[in-house]
Every structure is written in C-alpha cells, then in structure tokens.
Amino acid sequence: MLIIKNIKKLVQVEEAPRVKVCGADMGQLTCIDNAFLLIEDELIKDFGPMEQMPKADDNTDIIDAVGGMVFPSFCDSHTHIVYAGSREIEYIDKIRGLSYEEIAKRGGGILNSAQLLHRTSEDELYAQALGRINEIMRFGTGAVEIKSGYGLNTEDELKMLRVIRRLKADTPLTIKATFLGAHAVPTEYKGRQSEYVDLIINEMLPQIAAEELADYIDVFCEQGFFTTEDTERLLMAGLHYGLLPKIHANQMAYSGGIQTGVKYGALSVDHLDYTGKEEIKCLLHSETMPTLLPGSNFFLAVPYPPVRAMINAGLSVAIASNYNPGSSPAGDMKFMLSLACIQMKMTPEEAINAATINGAYAMGISDTHGSISRGKAANVFITTPIPNYEFMPYAFTTPLIHKIVLKGNLLG
C-alpha cells in the first residue's frame, strides 16, 4: 500500500467516472486541496482531504508531496516513437522554405524513415524506442499509443509491431499498438497505389492478426497519400480482423477523412487542421474523438485547428504529441498543454482534460485511465511546489514533475 500525503491540490478528481468530457464541461476541473491519495494493488483505492487520511501501518509506504500537486498521468494517444534515426536534414529544408509535401515528393519524409528502418535491426530499433519511452515517462506520460507505418512492407511493419509488443512487456507504461501500413505509398508502388492497398489487406493484416500485434488500424487519409476509397477498403478489412479504426485526417486539406472515420466508427480522427462546420456537425453525432496534434503545427509552422469552434459546438477534444522524426520530434505533453493554451486558446482546464481523460478515450482506456478515480490505474505524477495548476502550461520550459508513480509503483 502507498499513501501520498500533503498534496497541495489533487487534480481532476472524479467521484463518478466519465469516459470523456465534452463542450463546456471541458472547462471544469474538480480538485481537492490539502489532500491524500491511497494506492493499493496498482489501483487508486481512496482519496480525500488530509483530515480523512487513514492511519498507516508497517506495510504502508508514504510519499510526502511537501506541497506539490498530484495530476493523473498524461495519456498520449498519437505517437510514432518506434523509428530509426532522425531527420534533422529535412528540418533544415523546412527552414529554407520547403513544405512537408515538397519534401515528401523528393523522397524525404515517411519514405526516408522507411529506408532507415529497413536497415535497422529489431534489437537496435527496440533500444532506440526504449530511450524515447523512458523520456516520455519522465515527462509525465503514463499511457501511450504507438503506430507502425515506417515499414511499408510486410517484414518491416511486423518488425515495428513486434518492437511495440516488447515495449509493452518491458515497461510500466500502458501501451496500445496501431497498425499504420497505409502511412505512405512505397516508391516501388508509385502509380500502382491500389496494389499496395491490396498487399496491406491480403498479406499484412492476416499476419498481424495471427500474431495479435495490433489493437487498432490507421490510415493516412490525405491528399497525396490515401483516398477515401482506399481508406474505406482498409478500414473494412481491419474491422474484419477486429482492429478498430483511427484515422490521420484533414491535416493538409479537406480530405473527407473525418466523415470516413465517423462512418466506420473510428475511435479517433487526428490532426484536423482543416475542419469546418460540416466536419464539426458530423463529429457531433458520433462517438469519435477529435484529436489535435499541436506539436506538428508548431514544428511545421502551419495554422492550428479551430479548437474553439469545436468546443463551443459541444465536441470533446483530445490533444496528443504526435512524437515522430519528421513533423513533431517531441514527446513532452506538458509542452503540448502550453501550445494548446497559447496557440489554440484553450483554457488550462480544457487542455488538461484533453491530455488526460479525453486522451484516454482516444486510446480506448478511459474506464481505467485519465483521471483520479477509485478503481482506476494508479498512474500519477507529483509536481514540485507550484502556485496553481495553471502554472503547468504557463511555465512551458520549466521542469515541474518531481516524482512519478506508474501502476502504483514509484519510479526510481
């Protein structure tokens, strides 16, 4: 048993757990001042004001928060952290004025990462990804979704997904695996895109399902990548194997990806830089989580999604890091909170809800993660002494996370 005591503010407490937070409710954040948190068997057992803290016995470990705050760990629902090497040369190309699409047409971008990954062994790929896992844990992330998609052939896609399986087994993070074979069209299939879609459906998916390597299927439904027709074929095939859909949608244009995702019951549609009234109306009548990736907008210096219109219309919104080597080489969810507030004009309460409970929903785990609630996973972090929770996004470069508890255990 573990007790955290003298918590200045216990943030995002739920007596009656919710699966997601929508619209105006995103601006509310329930907290308890001067609190304790009781953890047992990897779960949150109880919480409340300090005067109600139970007496500790000899088998109880106690952490004194010394006036720090306790937050539920971040749930980062969109990452690509299994990759080989880096792409800082393309970063220079961006500085010189080349767009993301122009770099891709020159053989850079995703295709560049695919070449690097092909030359990298599974063990080396695992070692690189493990370093990034340890990094995001230190940044307060307790649950993460990781996509494949830098393989673009059967052998390398399986290699990526096997690395993700190893990370699940070897780390205290809660990890969901997403198959993203339709991330780009390989060079050898240029002009024969439908044949590559056939390969994904007829060869990759059966092997992935046989090894139970993925929880979800994703498609980059975007101009210059995969059409809505391609996307429908892939999602239907994924559903046949029990893989729920998630979609990269509307990053570069009005692609129809949002509507396609809703049609097939996608758990989330992600990016959404191009979102208008029709897309918002479509999302309002669905269970699909709009997921925004402000790290990409920041890194690519492109306009941010219309989040105020989304929330004002009553939508739920999640934010995620999109940690990847090409458009968001950063996994610090605290920084994503800052971008959400500064650039997208979300309130701190909205941003925290988006990075925790709604991020958990976008991973299919909001019944067990994303808030401080009895019976949920004991994934929390303790801050240094800070004046209020608004200070988290405000102090955007200051390291504020002091101690991390995952699955009820204090990380060393």
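Residues numbered from 1 in each chain as written. Predicted model: local features only at pLDDT ≥ 70, side-chain atom pairs only at ≥ 80, totals over all residues. Heavy atoms only, no water.

Caption draft 1: Structural view of the overall build of the chain. Regarding its fold elements, the chain presents 15 helices and 16 strands. Against the globule reference of 22 Å for 412 residues, the chain gives a C-alpha radius of gyration of 21 Å, in line with a compact fold. Counting only C-alpha atoms and orienting by the principal axes, one finds that the chain spans roughly 70 × 45 × 45 Å. Within the span of the chain, comprising 412 residues, buried residues form 60% of the whole. (Helix = DSSP H or I, 4+ residues; strand = E, 2+ residues; numbered from the N terminus. Rg over C-alpha atoms; globule rule 2.2 N^0.38 Å. Buried < 20%, exposed > 50% of the residue type's maximum accessible area, 1.4 Å probe, protein only.)

Caption draft 2: Main features of the pattern of salt bridges. As enumerated under the stated definition, the model contains 20 salt bridges in all. The salt bridge partner of Glu14 is Arg18, with a shortest N-O separation of 2.8 Å. With relative accessibility at 4%, the residue Glu14 sits in the buried group. Overall, the relative accessible area of 34% leaves Arg18 in the partly exposed class. Two residues, Arg374 and Glu15, come together in a salt bridge whose shortest N-O distance is 2.7 Å. Pair noted here: Arg374 is in the loop between helix 14 (357–361) and strand 14 (380–383) and Glu15 is in the loop between strand 1 (2–11) and strand 2 (31–40), with a separation of 359 residues, a long-range link. (Salt bridge = Lys/Arg side-chain N within 4 Å of Asp/Glu carboxyl O.)

Caption draft 3: Main features of the nonpolar core. With 101 residues, the main nonpolar core has Val82, Ile133, Ile146, Leu167, Phe179, Ile319 and Met346 as its most contacted residues. The element contributing the most residues to this core is helix 6 (residues 193–211), with 8 residues. In this view, Ile133 contacts Ile81, Val144, Ile146, Leu167, Thr171, Leu173 and Ile175; residues no more than four positions away in its chain are not counted. Ranked by size, the runner-up nonpolar core spans 19 residues in total, among them Leu10, Val70, Val380 and Ile382. (Core = buried A, V, L, I, M, F, W, Y, C linked by side-chain atoms within 4.5 Å. Contact = heavy atoms within 4.5 Å.)

Caption draft 4: The packing of aromatic side chains, seen in detail. Enumeration according to the criterion identifies 8 aromatic pairs in this entry. Judged by centre distance (4.3 Å) and plane angle (25 degrees), the rings of Phe220 and Phe225 are stacked. Note on accessibility: Phe220 and Phe225 belong to one class, buried. Note on Tyr254 and Tyr274: the rings are 5.6 Å apart at their centroids and 75 degrees apart in plane angle, and the pair reads as edge-to-face. With Tyr254 in the loop between strand 10 (244–249) and helix 8 (257–263) and Tyr274 in the loop between strand 11 (268–271) and helix 9 (277–284), this residue pair connects regions lying 20 residues apart in the sequence. Three or more aromatic residues joined by ring pairs make a cluster, and in this case those are Phe71, Phe74 and Phe381. In this arrangement the basic side chain of Arg132 is found over the ring face of Tyr83, its NZ or CZ atom lying 3.5 Å from the centre. Across the ring face of Tyr126, the terminal group of Arg166 is positioned such that the distance to the ring centre comes to 4.1 Å. (Phe/Tyr/Trp six-rings, centres within 6.5 Å; stacked < 30°, edge-to-face > 60°. Lys NZ or Arg CZ within 6 Å of the ring centre and 35° of its normal.)

Caption draft 5: Looking closely at the side chain of Ser296. With respect to the secondary-structure elements, Ser296 resides in helix 10 (residues 294–300). Ignoring anything within four residues of it in the chain, the contact list for Ser296 reads His271, Ala301, Asn322, Ser327 and Ser328.

Caption draft 6: Structural context of the packing of helix 5 (residues 154–170) against helix 6. The contact between helix 5 and helix 6 brings their axes to 10 Å, and the two run at 30 degrees. Classified by the angle their axes make, helix 5 and helix 6 are roughly parallel. Helix-helix and strand crossings are classified by hand; for helix 5 and helix 6 the assignment is right-handed. In this structure, helix 5 uses Thr154, Glu157, Leu158, Leu161, Arg162 and Arg165 to contact helix 6, whose residues at the interface are Leu199, Glu203, Met204, Gln207, Ile208 and Glu211. Considering only residue class, the contact of helix 5 with helix 6 consists of 5 nonpolar, 2 polar and 5 charged. (Axes fitted to C-alpha atoms, helices over the stretch in contact; angles between N-to-C directions. Parallel < 35°, antiparallel > 145°, perpendicular 65-115°, else oblique. Left-handed = near helix turned anticlockwise from the far one by under 90°. Nonpolar A, V, L, I, M, F, W, Y, C, P; charged D, E, K, R; others polar.)

Caption draft 7: Seen up close, the packing of helix 6 against helix 7 (residues 228–240). Relative to each other, helix 6 and helix 7 sit at 5 degrees, their axes nearing to 10 Å. Judged by the inter-axis angle, helix 6 sits roughly parallel to helix 7. On the side of helix 6, the interface is formed by Gln193, Ser194, Val197, Asp198, Ile200, Ile201 and Leu205, while helix 7 contributes Asp230, Arg233, Leu234, Ala237 and Gly238.

Caption draft 8: View of the pairing of strand 14. Of the two faces of strand 14, the one carrying Val380 and Ile382 and the one carrying Phe381 and Thr383 are both buried. Sheet topology places strand 5 (residues 70–72) next to strand 14; 3 bridges connect them, and they run antiparallel. Looking across to strand 14, one finds that Val70 is bridged to Ile382. Pairing geometry for strand 14 and strand 15 (residues 401–406), over 4 bridges, is antiparallel. In the sheet register, Ile382 faces strand 15, and the bridge partner there is Lys403. (Pairing = 2+ DSSP bridges.)

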